[in-house]
Amino acid sequence: DTAVSQTPKYLVTQMGNDKSIKCEQNLGHDTMYWYKQDSKKFLKIMFSYNNKELIINETVPNRFSPKSPDKAHLNLHINSLELGDSAVYFCASSQESKGGRGSYGYTFGSGTRLTVV
Amino acid sequence: DQQVKQNSPSLSVQEGRISILNCDYTNSMFDYFLWYKKYPAEGPTFLISISSIKDKNEDGRFTVFLNKSAKHLSLHIVPSQPGDSAVYFCAASGEGSNSGYALNFGKGTSLLVTP
């Protein structure tokens with residue numbers, strides 16, 4: 001009965017391919033996020049959606065496109081994968097767009113390890 | 001531009017002793033701070049938070065201290081237990097920061113508690 005679930009957990013693919021990572025939360029949260037943890041272990045915000053509306057779009061190559069069909073889902077599609085895209089991608093959700101202030105912050109998924117070869 | 005810094009990549013402490021993890025931030029707009037704990041192959045889980053209107057928040061064995069003038073916070077774990085061995089991330093958010101209210105994370109400190 002996972003609160004924030006990501007699929008797949010591991011993804012190995014060749015350069016140039018297009019791939020998607022799916023995320024679903026069953027917490028009833030309004031806001032969802034994608035974070036990237038690179039080889040230096042730095043967790044960096046990529047996107048944030050509040051009730052299906054994009055509210056944060058950091059400097060990310062436009063090969064990355066988030067899609068939120070409803071507030072419980074936030075998928076990440078990546079076109080023309082490059083070696084530098086190899087990282088662990090974390091999906092998260094929070095009660096409201098203000099970072100979950102006064103509550104428990106974010107609830108994270110277990111991550112998707114993407115390896116581009 | 002890293003706004004949240006955890007300068008100690010690792011820390012080793014004996015069971016029963018105090019673990020002190022440190023975090024510094026550069027953005028004066030940050031006003032809400034959190035600590036997350038992460039085990040291998042899992043996502044970070046929330047541990048404890050503190051608002052800038054406080055200088056201390058305690059929850060069981062975990063206490064977070066905030067020194068706004070120094071832009072520094074620390075997490076104290078007393079007594080440390082082997083199950084506390086994990087990577088600890090400091091995070092901060094605030095209106096007017098780079099990404100609105102999105103959490104900005106440090107690189108993490110790997111804590112090892114030895115029996």
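Residues numbered from 1 in each chain as written. Chains lettered and ligands numbered in written order. Predicted model: local features only at pLDDT ≥ 70, side-chain atom pairs only at ≥ 80, totals over all residues. Heavy atoms only, no water.

Visitor: Help me understand the overall build of chain A in this model?
Guide: Within chain A one finds 0 helices and 11 strands. Secondary structure of chain A in N-to-C order comes out as β-β-β-β-β-β-β-β-β-β-β. Its C-alpha atoms give chain A a radius of gyration of 13 Å, near enough to 13 Å, the size a compact globule of 117 residues would have. The principal-axis extent of the C-alpha atoms belonging to chain A is close to 40 × 25 × 25 Å. Counting all 117 residues of chain A, 44% fall into the buried class. Here the contacts in chain A between residues at least 6 apart in sequence split such that 56% fall between residues at least 24 apart. In the structure as shown, chain A presents an accessible area of about 5,700 Å², 49% of it carried by carbon and sulfur atoms. The centroid of the 14 positive side-chain charges in chain A is displaced by 5 Å from the centroid of its 11 negative side-chain charges. (Helix = DSSP H or I, 4+ residues; strand = E, 2+ residues; numbered from the N terminus. Rg over C-alpha atoms; globule rule 2.2 N^0.38 Å. Buried < 20%, exposed > 50% of the residue type's maximum accessible area, 1.4 Å probe, protein only. Contact = heavy atoms within 4.5 Å. Areas by Shrake-Rupley, 256 points an atom, 1.4 Å probe, with all protein chains shown as cover. Lys, Arg positive; Asp, Glu negative; His and termini not counted. Charge placed at Lys NZ, Arg CZ, Asp CG, Glu CD.)

Visitor: When you look at the pattern of salt bridges in this model, what are you seeing that I'm missing?
Guide: Should their charged atoms come close, side chains of opposite charge can pair. Scanning the model with the defined rule gives 5 salt bridges over all chains in all. One salt bridge in this structure joins aspartate 30 of chain A and lysine 71 of chain A, with 2.9 Å as the shortest N-O distance. Here the residue aspartate 30 of chain A occupies a position in the loop between strand 3 (19-25) and strand 4 (31-37), and lysine 71 of chain A occupies one in the loop between strand 7 (64-70) and strand 8 (73-78), the gap between them amounting to 41 residues. Among the salt bridges present, the one from aspartate 84 of chain B reaches arginine 61 of chain B, with a minimum N-O distance of 2.8 Å. Here aspartate 84 of chain B, found in the loop between strand 8 (72-77) and strand 9 (86-93), pairs with arginine 61 of chain B, found in the loop between strand 6 (56-59) and strand 7 (62-67); they are 23 residues apart in sequence, far enough to count as distant. Taken together, the salt bridges that share partners define one network made up of Arg63, Glu82 and Asp85 of chain A. (Salt bridge = Lys/Arg side-chain N within 4 Å of Asp/Glu carboxyl O.)

Visitor: Would you mind going over the layout of surface pockets with me for this structure?
Guide: Where empty space is left in the structure can be found by rolling a water-sized probe over the atoms. In this structure, the largest pocket occupies an estimated 420 Å³ of space. Forming the boundary of the largest pocket are 24 residues, of which Gln37, Lys41, Val88 and Arg113 of chain A together with Lys38 of chain B lie nearest the centre. Secondary-structure elements contributing two or more residues to the lining of the largest pocket are strand 9 (87-94) and strand 11 (112-116) of chain A together with strand 9 of chain B. Counting residues per element, the lining of the largest pocket draws most heavily on strand 11 of chain A, which supplies 4 residues. Here the lining of the largest pocket is built from residues that sort into 10 nonpolar, 7 polar and 7 charged. In this model, the second largest pocket occupies a volume close to 200 Å³. (1 Å grid on protein atoms, 1.4 Å probe; cavity = no way out; pocket = protein on both sides within 12 Å on 5 of 7 lines; lining within 4 Å. Points joined across faces, edges and corners; volume = space filled by probe spheres on them. Nonpolar A, V, L, I, M, F, W, Y, C, P; charged D, E, K, R; others polar.)

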